[in-house]
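Understanding the architecture of this molecule
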Amino acid sequence: MAFAQRHVAVQEGPLYRTEGSHVTLWCKVSGYQGPAEQTFQWSIYLPSASEREVQIVSTADPSFPYAIYTQRVRAQEIYVERVQGDAVLLHITELQDRDAGEYECHTPNTDERYFGSYSAKTNLTVIPDSLRVTAVPQTLHRVERDSLELKCEVSKSTAQHSHVSISWYRQRGGEAPVEIISLSRDFVLRAGGTYAQRHATGDVRLDKVGETTSKLTIYNLHPSDQGEFYCEAAEWIQDPDKSWYAMTRKRSQGTIVNVQATDKEFSVRLETEKRMYIVGEPVEFRCILEAQNIPDRYFSISWAFNSSLIASLGPNAVPVLNNEFAQREALGQLKVAKESDNVFVLKIYRLRLEDSGKYNCRVTEREKTVTGDFIDKESKRPKNIPITVLPLKTSISLEIVNNASSVLEGESLRFGCNVRSNVGPQSRLSIAWQLVDKQNRRSEIVRLDRDGTLQPGPLYAERSSYGGIQMEQVRPGSFTLEIFNSVRADEGHYECRVAEWMRTLDGEWQIAGERHAGTPVTITALEAGFAVTAISRTPGVTYNESFDLQCIIKPHYPSWVPVSVTWRFQPAGSSEFHDLVTFTRDGGVQWGDRYLGFRTRTAIEKAESSNNVRLSISRASDTEAGKYQCVAELWRKNYNSSWTRLADRTSNLLEIRVLRPVTKLQVSKSKRSITLVENRPIPLNCSVKSQTSPDSHFAVLWYVHKPSDADGKLILKTTHSSAFEYGTYAEEEGLRGRLQFERSASGGLFSLTVQRAEVRDSGSYYCHVEEWLLSPNHAWYKLAEEVSGRTEVTVKQPDNRLHVNQTHRNITVLENQWVTLECQVSSRTSPSSQLQVEWYVWRPGHPEKEAVARLSRQSTLRYGDLATLGNLRSRLHLESPSPGLYLLSIQNATVRDSGTYDCRVEEWLLDPSDRWYKRAEDLSGLTTLTVKQPEPTLQVDTATANLTVQEKESFQLDCSILSRSSPKSHFAVTWYNLRAKEAGGHAEEEEKEEEEEKEVVLSVGLDTIFNSGTGRWQDRLCFQRLSAVLFRLTVLQASGADTGNYSCRVEEWLADPSGMWYRLAEEESGTVAVHVQDAGSTLQSVICSNDALFYFVFFYPFPIFGILIITILLVRFKSRNSSKNSEGKNGVPLLWIKEPHLNYSPTCLEPPVLSIHPGTID
């Protein structure tokens, strides 16, 4: 896969922009992948910290800007405009001096990988705005045609090379400013569209006066020039990409100019004496102009007749006449003149009949420029004046006749025009034949002038030159017109116009009168009703039969009407028509060059009485099957002997089906099922019960359909020519070497055998039979096809007889013993099969079972992860003492070997392709293995003892082990000193019992590593191991601080089969109370120093003594109850005894005091 390289481009720098201006920087990316809309991020590197990026704005993240730009971005003073998905513009609406620096445009990656550039930089320099545009503000009043001069001063002091452009504008009210003239940065002078013509005539100028001043001059002010005038200047700088940029644009203060207009109105009036005239009379039209200061103004006049220009007079009063009026003016029959400054005259000395119509004049005021040219201004014209010219009276009358009022296109037209008159020798006649068509357009066909000259009309001149139109005078007063080979355009109303001419006294001929008569003629188009129909009585034929096609043309045309007929053919299955044969308009036959084979089996005939054409085709085959169509073309021979195709018609489609013989093919549809075991042959039969012809050949295609497939797959194909082709299924499944095809001698039974069947050969088999025959063109064609019934084939593997003993067992052993796990295969599918045995274990605390070992079918032993990671691999032993019996032995079992074991047995068989496949698998029963550690029997001497020693003497602490769990046990011994914790207050002494804390004196590990307690025991301890079960600790230099209770704790450790030590049990001995006496020790201190002795001497006697006294008092009280009142004086009881209160010091420095509170005992 090819990746495009990302490229980010930014506007080339360095760029110079003026402070306070609106700045844009463009950035675009190309060669990217991902979304069409890319993200852009703009940053700046300030000159004061060129390595530090300061983020400005992003198209995607509103929180992208740094604090110094956040306010300007929110206020839209800085924003990004997206031109398109991969191009943006950075806008800074008001550039500041601190905006100078190196700008970076960055596009985050959207590609599959990094490839190309993702950012680009450009430098922006901010320079001061030094452009100054000044003009004197004022208000000026001018009169139309006055001149106007305005000045504007433009200066700059930019250090960089720059150009200045200057433009002048006029603005009126709220309208948009109108550009008058400008000087571009390239020093090219251009005028605005409104002032372009006046600038071309020199009325608008822009001149430079001095170093910084430009002057605008406008000559011949117009009222439309009124408004506010100001100049605008722009300072341009050329960027590194050679483009020019307008850094600053400023305008000056305006000058108000008022232009007062002069009176320019004028009016026009047209006059004549009357409106009705007779041929030969004169007429005069007067065009009168009414205006002020006419001598100082310029006007042009134009005369028109029926909206057609007659003549025009410019300001120089020289007339210019148009066409025929120029000829009449040259003959003195017409005059156009300027009678005075405001009167213009058109005079016709002899009116004609055709002078009837509408007359008018138009007056246009013109303005003369400084160059002497004239500019058209306002134009006016009065209302039209119509006049009517009446003819002289005449005595002629006429009659028109024609040969037919309706003819067929191509037939001739004949007209006769008979004139009756009493004309004298001084009179002559002119005859004109005219046609008025359906659109009421009049055209002259031919004219016979009064002097006998025959002149065809302009539209009929060419046709007449070929003899298509003839006009002649048969006898005096009788004229004929004949039009040969008529066309549709000849239809209309024909008129014969006769004019009587008389010579006047001055020798001129003048029409004395005119008469006309007409007759309508209708011409029927040849193509009217023109239609073509194709028919056949045998639309469907069988091979080798014949069929006829007829092309019938309507209407029935005369023999002189030429028609060409073409038969066209579209073969079946094609989309294009091709010419088959053509009867030309002159009776010839032309064959098409596409289907030459038709000529030998095709006959074509044209009827004598009509233009119908019949096409006959014999020995039909597939080649002649298709759609037929006839095309008729109607022709007309023109007057110049050229041919014109008037119309063409295409007949309906005529489909001829050439049918094959009706098939009689029948294939056996019977269904059957076959179930067999691997390696057996699969017999498949395909039987043809009946066939169409004894000459039929068959192609047989064998298919198999699997349940997982939508369609059947081709196995083998035998063509009608007995060629073999293997299908894709046979190639993919490797069936070529296992297929056997046979055909019976009778030819109707086909057999296919699949040797050495496999399970994957199961499926639904069927055959597809094609019947082939030889066509009339000696080509084989498939006549029919049928599918046989299906044969359901099931190929089975041998039945599964694999069985593994499912008995569950429990085994409990001690560590270091051997254990054997059994996997018994009681039966199998085949004696030649191969077995694979794999052992698994579920261990306590593990969610899934783990593989222990696997014996493959090739007798290769592989260990599982459990055996590989631990030391189990070296302790496993797998054997098979007899077929089907597999024993897994674990040597030196450990507690970690405990778990639930089972075995999985896979049975593998050899398929017909000599490939091993797993036929079955079975699981054994579960064997629960429990590996126990020895029962702990550790016992330590728990007898207590008291020991009193003098200061500076030594005392011994024995730790005796009475029994142990194993002779191989090792011991770890720790001696402790139990001391009472110091109380926090006197109240706690009374309410809480004394607590003790343990202090380690000496710890001896099973590896005989010593670890002594606090520093006070340093160099005063002596450890002795008197026997395997007796340990002694001697404390030297005893002191009073050593007084306390001592005990030892024993841990029993054993090594597992892997050599790892584990703690089996632990026991703690009885306490030894040690009291260390100083030299002045008393009995009190001895008693107080020993807790047991203290309680025995002071605490236990007092409760016993109290109970005894209470018993005695109760006995005495009961004996005296009957004879003596139980109350004493003032109701006080005779006996009041409180419980003895025992006070003692926690430090045992003083003996406890037993006190009985006041009371009376009698």
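Sequence order sets the numbering: in each chain, residues are counted from 1 along the sequence as written. Local features are withheld for residues below a pLDDT of 70 in this predicted model, meaning they are given only at 70 or higher, and side-chain atom pairs are given and counted only at 80 or more; totals for whole chains, interfaces and linings count all residues. For side-chain calculations, the full set of non-hydrogen atoms in the structure is used, while hydrogens and water are omitted.

**So, the pairing of strand β16 (residues 204-209)**
Two strands make a pair as long as DSSP finds a minimum of two bridges between them. Runs of E in the DSSP output that reach at least two residues are strands. Runs of H or I that reach at least four are helices, and both are numbered from the N terminus. Note that β16 and strand β17 (residues 213-218) share six bridges and pair antiparallel. Paired with Val 209 across the two strands is Thr 213, which belongs to β17. Once β16 ends, the chain turns through three residues before running back antiparallel as β17, passing Gly 210 with a positive phi of about 80 degrees.

**As for the UniProt feature "domain: Ig-like" (unreviewed entry) in the protein chain**
UniProt positions are given in the numbering used here, feature names are shortened, and annotations may be inferred rather than shown by experiment. UniProt's entry tags residues 19-125, 128-233, 280-371, 391-506, 520-647, 661-788, 798-924 and 936-1051 with the feature "domain: Ig-like" (unreviewed entry), counted in the numbering of this structure. The distance from the first to the last C-alpha atom of residues 661-788 is 22 Å, and the span holds 5% helix and 52% strand.

**Re the state of the cysteines**
By convention in this document, the label disulfide applies to cysteine sulfur atom pairs within 2.5 Å. Enumeration according to the criterion identifies eight disulfides in this entry. A sulfur-sulfur separation of 2.2 Å characterises the disulfide bridge that pairs Cys 551 with Cys 630. Taking the torsion about the S-S bond as the criterion, the Cys 551 to Cys 630 disulfide, at about 75 degrees, is right-handed. Placement of the pair is Cys 551 in strand β44 (residues 547-554) and Cys 630 in strand β50 (residues 626-637), with a sequence separation of 79 residues. Exposed residues in this analysis have more than 50% of their type's maximum accessible area, buried residues have under 20%, and partly exposed residues fall in between, with area computed by a 1.4 Å probe over protein chains only. Of the residues examined, Cys 630 reaches a relative accessible area of 0% and is grouped as buried. Disulfide partner of Cys 686: Cys 767, at an S-S distance of 1.9 Å. Residues Cys 686 and Cys 767 are joined through a disulfide that is right-handed, its torsion about the S-S bond being 70 degrees. Taken together, the positions of Cys 686 in strand β55 (residues 682-690) and Cys 767 in strand β61 (residues 763-774) put the pair 81 residues apart, joining distant regions of the chain. Each member of the pair, Cys 686 as well as Cys 767, carries the same accessibility label: buried. Cys 1022 forms no disulfide, and the closest cysteine sulfur to it belongs to Cys 959, at a distance of 15 Å.

**What about the sheet that holds strand β1 (residues 7-10)?**
Strand pairing within a sheet occurs via backbone hydrogen bonds; the two strands may be parallel or antiparallel. What the four strands build is an open sheet, ordered β1-β3-β7-β6; its pairing is antiparallel. With partners counted over all chains shown, the strands left at the sheet margins are β1 and β6 (78-84), one partner each. Within this sheet the neighbouring strands show an average axis-to-axis angle of 20 degrees, counted without direction. Of the strand pairs in this sheet, β1 and strand β3 (residues 23-30) are connected by four bridges, and their pairing is antiparallel. Counterpart to Val 10 in the pairing with β3 is Cys 27. Each axis is a line fitted through C-alpha atoms, and for a helix only the stretch in contact is used; angles between axes span 0 to 180 degrees, taken between their N-to-C directions.

**Side note on a nonpolar patch on the surface**
Patches were defined on residues exceeding 30% relative accessible area and lacking a salt bridge, with like-charge contacts within 9 Å and nonpolar side-chain contacts (Val, Leu, Ile, Met, Phe, Trp, Tyr) within 5 Å. The accessible surface values rely on the Shrake-Rupley method and a 1.4 Å probe; as for residues, cover is taken only from the protein chains in view. Salt bridge, as used here, is a side-chain nitrogen of Lys or Arg placed within 4 Å of a carboxyl oxygen of Asp or Glu. Taken together, the side chains of Met 276, Ile 278, Leu 390 and Leu 392 present a nonpolar region at the surface, about 310 Å² in accessible area. In this fold, Leu 392 is placed in the loop between β31 (385-390) and β32 (397-402).

**Looking at the pairing of strand β28 (residues 343-348)**
Most of β28 sits inside the fold, with five of its six residues counted as buried. In the sheet, strand β23 (residues 283-291) pairs with β28 via six bridges, with the strands oriented antiparallel. Across the sheet, Ile 288 pairs through a bridge with Val 343, a residue of β28. Sheet analysis places strand β27 (residues 334-338) next to β28, joined by five bridges and oriented antiparallel. Each bridged residue has a counterpart across the sheet, and for Ala 337 the counterpart in β28 is Val 345. What sits between β27 and β28 in their antiparallel hairpin is a turn of four residues.

**Observations regarding helix α1 (residues 67-74)**
Considered for burial, the residues of α1 that qualify are Tyr 69, Thr 70, Arg 72 and Val 73. When checking whether two residues touch, look at their non-hydrogen atoms; a contact exists if any pair is within 4.5 Å. Residues of α1 that are buried make contact with β4 (41-45), β5 (54-58), β6 and β7 (87-92). Once α1 ends, the next one or two residues include Gln 76, with phi positive near 60 degrees.

**What to know about the sheet that holds strand β41 (residues 509-524)**
The sheet built from six strands is open, its strands ordered β33-β41-β40-β35-β36-β37 with mixed pairing. On the outer flanks of this sheet lie β33 (406-408) and β37 (454-456), each paired with one strand and no other. For this sheet, the mean angle separating the axes of adjacent strands, direction not counted, is 30 degrees.

**Thoughts on the nonpolar core**
Buried residues of nine kinds, namely Ala, Val, Leu, Ile, Met, Phe, Trp, Tyr and Cys, make up a nonpolar core once their side-chain atoms join them within 4.5 Å. Counting residues in hydrophobic clusters, the biggest one holds 65 residues, and the most contacted among them are Trp 567, Tyr 628, Trp 702 and Ile 715. Among residues more than four places away in sequence, those in contact with Ile 715 are Trp 702, Tyr 703, Val 704, Tyr 726, Gly 727, Tyr 729, Ala 730, Leu 735, Leu 739 and Tyr 765. Among the nonpolar cores identified, the runner-up in size contains 31 residues, and Phe 285, Phe 299, Leu 351 and Cys 361 belong to it.

**Section: the side chain of Asn 638**
Note that Asn 638 resides in the loop between β50 and β51 (643-650). Polar contact is the term for a pair of N or O atoms within 3.5 Å; when the atoms are in protein, one must be able to donate a hydrogen and the other to accept it, and sequence-neighboring residues count only if both atoms are side-chain atoms. Within polar-contact distance, the side chain of Asn 638 engages the side chain of Arg 636 at 2.9 Å. Sequence-distant contacts of Asn 638, that is, excluding residues within four places in its chain, are made with Asn 485, Trp 643 and Thr 644.

**Considering the pattern of salt bridges**
Across all of its chains, the model carries 63 salt bridges by this definition. When the shortest N-O distance is used, the salt bridge between Glu 495 and Arg 497 registers 3.3 Å. Looking at Glu 495, the relative accessible area reads 8%, which means it is buried. Its salt-bridge partner being Arg 896, residue Asp 1056 comes within 3.7 Å of it at the nearest N-O pair. Highlighted residues: Asp 1056 in the loop between β83 (1044-1055) and β84 (1061-1068) and Arg 896 in the loop between β71 (885-890) and β72 (899-910), separated in sequence by 160 residues.

**Considerations on the environment of Val 795**
With respect to the helices and strands, the residue Val 795 is situated in strand β63 (residues 791-796). Looking at Val 795, the relative accessible area reads 3%, which means it is buried. In this structure, Val 795 is in contact with Leu 676, Val 677, Glu 678, Ile 682, Ala 757, Glu 758, Val 759, Asp 761 and Ser 762, ignoring residues within four places of it in sequence.

**Regarding the packing of aromatic side chains**
Centres within 6.5 Å are what make two rings of Phe, Tyr or Trp a pair, Trp counting through its six-membered ring; a difference in plane orientation under 30 degrees is then read as stacked, over 60 as edge-to-face, and the rest as tilted. Throughout the structure, instances matching the rule amount to 21 aromatic pairs. An angle of 40 degrees between the planes, with centres 6.1 Å apart, marks the rings of Phe 415 and Trp 433 as tilted. Residue Phe 415 is found in strand β34 (residues 413-420), and its partner Trp 433 is found in strand β35 (residues 427-436); the two are separated by 18 residues along the sequence. By relative accessible area, which is 0% here, Trp 433 ends up buried. The rule for a charge over a ring is simple: NZ of Lys or CZ of Arg within 6 Å of the ring centre, and within 35 degrees of the ring normal. In this arrangement the basic side chain of Lys 28 is found over the ring face of Trp 26, its NZ or CZ atom lying 5.2 Å from the centre. Here the basic side chain of Arg 585 rests over the ring of Trp 643, its NZ or CZ set 4.6 Å away from the ring centre.

**Regarding the environment of Lys 28**
Mapped onto the elements of the fold, Lys 28 is located in strand β3. Lys 28 gets classed as partly exposed once you look at its relative accessible area, which sits at 44%. Remark: the alpha-carbon pair of Lys 28 and Arg 82, spanning 54 residues in sequence, is separated by 10.0 Å. When near neighbours in sequence (up to four residues on either side) are disregarded, Lys 28 contacts His 7, Val 8, Ala 9, Phe 40, Asp 86 and Ala 87.

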